[in-house]
Amino acid sequence: MKEFFSEYQLLNQLPLGMAYVPLQEFTHLYENLEEAFCKGTLFKDLYKPFSGRRCVR
Amino acid sequence: MNCESQKLLKEISILDFAVTEITLFLDTHPCNQEAMRYFTYYNRLKKDKMKEYADMYGPLTLAFAQQTGNDFLWTTQPWPWEGGME
C-alpha cells in the first residue's frame, strides 16, 4: 500500500477537496485539419469518443 | 450555390475551427510561442480564404463587406434563409 501512495508525494502538499487538471502540452496535433475538424479537436490527446461502455484503456 | 463555393466554404469552416481551437489553448498558455505561430499562420490563411470567398460569392461577415459595383452586396445578396448559402 505504501508504494501506491509514494507517487502521490507531491500531491499531499496541495489543499484537500480541490480538483487538479494536468497542464496540457502543445503536442500531438492532428496534421490533417479536416481530420481534426471531424474529430472535434486539434489535439490527439483530447480525442475521446464515447464508446458506449465502460472506459477501456 | 455551386460546388466551388461549397468547397471554399468548407475550407473556411475547417480553418475557423483550427483558429478557434488554438485560441482556446492560448487562453491557458498565453506565452506559448509555438501556439502563437500556429495561430498567426492559420488566422492569416483563414482571412485570405474569406477575402477570396467575398470577392467571388459575397461577404460572409461584415468585416469582408466592401463596395462592389453600385450596391452594397452585404445587404443585396440573398440572405441564408433566402437560399443564400445553399
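The sections below set out a description of the structure shown in this document. (Residues numbered from 1 in each chain as written. Chains lettered and ligands numbered in written order. Predicted model: local features only at pLDDT ≥ 70, side-chain atom pairs only at ≥ 80, totals over all residues. Heavy atoms only, no water.)

Quick word on the packing of aromatic side chains
Thought 1: Scanning the model with the defined rule gives ten aromatic pairs over all chains in all.
Thought 2: A ring pair is formed by Tyr38(B) and Tyr42(B), whose centres lie 4.6 Å apart and whose planes are at 45 degrees; its orientation type is tilted. Here the residue Tyr38(B) and the residue Tyr42(B) both occupy positions in helix α2 (residues 33–57), the gap between them amounting to four residues, near one helical turn. In this structure, Tyr38(B) and Tyr42(B) share a single accessibility class: buried.
Thought 3: Three or more aromatic residues link up through ring pairs in this structure, and these residues are Phe26(A), Phe43(A), Phe25(B), Tyr38(B), Tyr41(B) and Tyr42(B).
Thought 4: The cationic tip of Lys39(A) hangs over the ring face of Tyr47(A); the distance from NZ or CZ to the ring centre is 4.9 Å. (Phe/Tyr/Trp six-rings, centres within 6.5 Å; stacked < 30°, edge-to-face > 60°. Helix = DSSP H or I, 4+ residues; strand = E, 2+ residues; numbered from the N terminus. Buried < 20%, exposed > 50% of the residue type's maximum accessible area, 1.4 Å probe, protein only. Lys NZ or Arg CZ within 6 Å of the ring centre and 35° of its normal.)

Observations concerning the nonpolar core
Most often, soluble globular proteins have nonpolar side chains that are buried together.
Thought 1: Counting 18 residues, the largest nonpolar core has Phe26(A), Leu33(A), Leu42(A), Ile22(B) and Tyr38(B) as the members making the most contacts within it.
Thought 2: Of all elements in the fold, only α2 (33–39) of chain A together with α1 (3–28) and α2 of chain B reach the threshold of two or more residues within this core.
Thought 3: Sort the elements by how many residues they give to this core and α1(B) lands first, with eight residues.
Thought 4: By size, the runner-up hydrophobic cluster in this structure holds seven residues, among which are Leu8(B), Ile12(B), Tyr53(B) and Phe64(B). (Core = buried A, V, L, I, M, F, W, Y, C linked by side-chain atoms within 4.5 Å.)

Side note on the interface of chain A and chain B
Thought 1: Listed as interface residues are 13 residues of chain A and, on the opposing side, 15 residues of chain B.
Thought 2: Across the chain A to chain B interface the summed buried area is about 1,300 Å²; carbon plus sulfur atoms make up 75%.
Thought 3: Looking only at chain A, the three residues that lose the most surface to chain B are Phe26(A), Leu33(A) and Phe37(A), adding up to 51% of its buried area.
Thought 4: At the surface where chain A touches chain B, the tally comes to one salt bridge.
Thought 5: Between Lys10(B) and Glu34(A) there is a salt bridge whose closest N-O contact spans 2.5 Å.
Thought 6: Applying the counting rule to chain A against chain B returns four residue pairs in polar contact (both at pLDDT 80 or more). (Contact = heavy atoms within 4.5 Å. Buried area = accessible area lost by both parts, 1.4 Å probe. Salt bridge = Lys/Arg side-chain N within 4 Å of Asp/Glu carboxyl O. Polar contact = N/O pair within 3.5 Å; in protein donor to acceptor, adjacent residues only side chain to side chain.)

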